[in-house]
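What the coordinates show
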Amino acid sequence: MSSSTDNTNNAPQTPSVSPSRAFEQAYRKGKGDYPALPNVPASKRTIKPRPKTQEELSAEKVEPYTEAGLGNPNKAANPNAKETGIDFNRSTKISQRDDATKSYKIGVQDIDEAVFYYFNNVIQPEVQQNGGIQPVPVIYGSPERWKSAQKDGYYRDKGGRIMLPIIVVQRTNLEKDRSVTAKVDSNSPNLYYNLSKGYNSKNFYNPFDLINNRKPVQQSQAIVVGDFVTMTYECVMQTYYMEQLNKLIESIEYASDSYWGDPQRYKFRCFIDGFSSQTELSQSTERLVRGNFTIRLRGQIIPEVKQKDLNSMKATNSLAKVSVTSETVADISNLG
Amino acid sequence: MALFTSGRDFSMMRHINRELLNDIISQQASFYKYKIGDTKTNIYGEAAGEKYFDGPYIFSCLVSRSDQEFPESDLGVNFNQAIDFSFFRDDLVDTMYVPEVGDIVLYQESYYEIDDLVANQYFGGKNPDYPNNGSAGQQNPLNPGLSKFGANVSIIAKTHYVPADKLNLSPYKERL
């Protein structure tokens, strides 16, 4: 952009900024655009028109008190940009050092665990057997051989035979659900949740703030909107008797269409559309009473991957508000 | 008239068999028999509530064990074993015990359900229960007195393994 041929004294000059950076600055100046997200390296910042992020849209809604001449606090530019060469406000970059908050993630295993939690703690399938109540174990299908034969002794008899009833759950499919929203683009996520964090040693509630009517800063963790998926679980119930199978079908059917999972963690909506059952009596084998059903779970996945860490926003601070209720001056002529 | 395999001949065989089974081989197994009247069934033909048994009745027998099998499925590693128990029929007759399909055999603290009963071993190929006499009691015109010849020697019970908690017979607490 700047060239030494324009100079009258023909003295060689080194450009203070790179051409792309200069073009970007000129573009912003002309458009009045916001700086790009702070975590995006300068070389990667897009200068093409792009949809505004949720943060930008929210900031636009704020009408600042213009008479003070302070500008929009949400659009705080670096007042020392000229001296430092940093064209964004570094207060928007929040260090996560010593931050014990775990990165928010929902993995496939978390969803599987939600299903098992619901089976074991909410449905608690049980049947009548030998004059008593018998809880029904729920296992994931096809475990390792040693685990199945040696560790899972609680549902085996003395000879090692699997005692019934038992429920076997196995995930068979994971399908992208495009009927609901998404993060839009994994290279530059646009949609975020806000997860408020409690007070801590660096952001504590203190009585002095209360006296001064200062609203405490609320820290939030920005969590990218996950990928919504539909997961399918094939389940097999195997029992000694049809009467037991009926009871299992009743209890599981009742739980259909509700949100499954640990209330302290994640819950996902599960649908069970039908049950099939079969009874077989074959030569030289035990009588087989088996029921099958399919769980259709609507979940979301927020993975713990480097791409997410690089591109997505991590934390935000709310604005601290100080309300001045009254002031006292010694001499009224000093006002103004 | 038949000349061989008379009841007197079989008497010697009986003594030899009993000595062989009881004193030399000395393998044993026990029968449990369902109490049909006490064990209630539902519309699916199953006794899902409680089962009642008579027994155990212990007998000497020949035990023909097949190898233990550990088939694998979605449920994990399972267990199965088929065993054939061969009983001397006269032992069962003396105790008025009639084994039937569905009865349970207890062997080495494990339970086996009878799938098949084979009573097909005749001394001299003759079953004295069928002497082919007339319906009015007339002697067989070709070979009178066949009821005193031959013998039904054995009953072979072909079984498969049954999980212990299904029967609730085991003195051990199978389920924790």
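Structure: above.
For every chain, the first residue of its written sequence is number 1, and the numbers climb from 1 along that sequence. Each chain gets a letter, beginning with A, and each ligand a number, beginning with 1, in the order they are written. Restriction of local features to residues with pLDDT of at least 70 applies here, the model being predicted, together with a cutoff of 80 or more for giving and counting side-chain atom pairs; totals for whole chains, interfaces and linings are based on all residues. Side-chain metrics in this entry use all non-hydrogen atoms of the structure; hydrogen atoms and water are not considered.

**Considerations on the overall build of chain A**
Segments assigned H or I by DSSP are reported as helices when at least four residues long, segments assigned E as strands when at least two residues long, and all are numbered from the N terminus. Summing up its helical and strand segments, chain A has eight helices and 13 strands in all. Working rule for contacts: check all heavy atoms of both residues, and any pair within 4.5 Å makes them a contact. Within chain A, contacts between residues at least 6 apart in sequence are counted, and of these 70% link residues at least 24 apart.

**Here's the deal with the environment of Glu55 of chain A**
Inspection of the secondary structure puts Glu55 of chain A in helix α2 (residues 54-60). Measuring from C-alpha to C-alpha, the distance between Glu55 of chain A and Leu191 of chain A comes to 9.0 Å, with 136 residues separating the pair along the chain.

**Examining the nonpolar core**
By nonpolar core is meant a set of buried Ala, Val, Leu, Ile, Met, Phe, Trp, Tyr and Cys residues that side-chain atoms within 4.5 Å join together. Throughout, exposure labels follow a simple rule: accessible area from a 1.4 Å probe, protein chains only, divided by the maximum for the residue type, with under 20% read as buried, over 50% as exposed, and the rest as partly exposed. Phe119, Tyr233, Trp260 and Ile295 of chain A are the most contacted members of the largest nonpolar core, which has 39 residues in total. When residues of this core are traced back to their parent elements, those giving at least two are α4 (108-123), β4 (166-176), β7 (219-224), β8 (227-239), α7 (242-254), β10 (267-280) and β11 (288-301) of chain A. No other element matches α4 of chain A, which puts seven residues into this core. Listed in part, the 18 residues of the second largest apolar core include Ala29, Phe79, Phe87 and Tyr97 of chain B.

**Let's talk about the interface of chain A and chain B**
Facing 39 residues of chain A, the contacting portion of chain B comprises 32 residues. The junction of chain A with chain B conceals about 3,200 Å² of combined surface from both sides, 44% of it contributed by carbon and sulfur atoms. Accessible area that two parts lose when put together, with a 1.4 Å probe and added across both, is what the buried area reports. Three residues stand out in chain A for area buried against chain B, namely Asn130, Arg161 and Tyr241 of chain A, and they jointly supply 20% of the buried area on that side. Definition used for salt bridges: Asp or Glu carboxyl oxygen within 4 Å of a side-chain nitrogen of Lys or Arg. At the boundary of chain A with chain B, the tally comes to three salt bridges. Note that Glu46 of chain B and Arg287 of chain A form a salt bridge whose closest N and O atoms lie 2.7 Å from each other.

**Looking at the packing of aromatic side chains**
Residues and elements named next belong to chain B. By convention, a stacked pair of Phe, Tyr or Trp rings (six-membered ring in the case of Trp) has centres within 6.5 Å and planes under 30 degrees apart, an edge-to-face pair has planes over 60 apart, and any other such pair is tilted. Using the criterion set out here, one finds 23 aromatic pairs over all chains in the structure. Taking the centre distance of 4.6 Å and the plane angle of 35° together, the rings of Phe31 and Phe87 count as tilted. Pair noted here: Phe31 is in strand β1 (residues 27-34) and Phe87 is in strand β5 (residues 82-88), with a separation of 56 residues, a long-range link. By the burial criterion, Phe31 is buried, and Phe87 matches it. Ring geometry for Phe59 against Tyr97: centres 5.9 Å apart, planes inclined by 45°, an arrangement best described as tilted. One end of the pair, Phe59, is in strand β2 (residues 53-65); the other, Tyr97, is in the loop between α2 (89-94) and β6 (104-107), with 38 residues separating them in the sequence. According to the relative accessible area criterion, Tyr97 is buried, its value standing at 8%. An aromatic cluster is defined as three or more aromatic residues linked by ring pairs; in this entry it consists of Phe31, Tyr57, Phe59, Phe70, Phe79, Phe85, Phe87, Tyr97, Tyr107, Tyr112 and Tyr161.

**Quick word on the sheet that holds β10 of chain A**
Residue and element names in this part refer to chain A. Pairing is mixed in the open sheet, where six strands are placed in the order β3-β4-β8-β11-β10-β9. On the outer flanks of this sheet lie β3 (138-140) and β9 (259-261), each paired with one strand and no other. Across the sheet, the axes of successive neighbouring strands diverge by a mean angle of 40°, strand direction being ignored. Pairing between two strands is assigned when DSSP locates at least 2 bridges connecting them. Here three bridges tie β3 to β4, and the two strands are oriented parallel to one another. Looking at β4, one finds that Val138 is bridged to Ile167. In this analysis, axes come from line fits to C-alpha atoms, helices being fitted only over the stretch in contact, and the angle between any two N-to-C directions falls in the range 0 to 180 degrees.

**Details of the pattern of salt bridges**
Residues and elements named next belong to chain A. Taken as a whole and assessed by the stated rule, the structure comprises 18 salt bridges over all chains. A salt bridge links Arg265 to Glu113, with the nearest nitrogen and oxygen atoms 3.2 Å apart. In this pair, Arg265 sits in the loop between β9 and β10 while Glu113 sits in helix α4, placing the two residues 152 residues apart along the sequence. With relative accessibility at 43%, the residue Arg265 sits in the partly exposed group. Across the pair Asp177 and Arg298 runs a salt bridge whose closest N-O atoms are separated by 2.5 Å. In this pair, Asp177 is assigned in the loop between β4 and β5 (192-196) and Arg298 in strand β11, connecting sequence segments 121 residues apart. What makes Asp177 buried here is its relative accessible area of 11%. For Arg298, a relative accessible area of 36% translates into the label partly exposed. A cluster of three or more residues bridged by salt bridges with shared partners is formed by Lys105, Asp110, Glu113 and Arg265.

Functional significance is not addressed by these values, which are geometric in nature.
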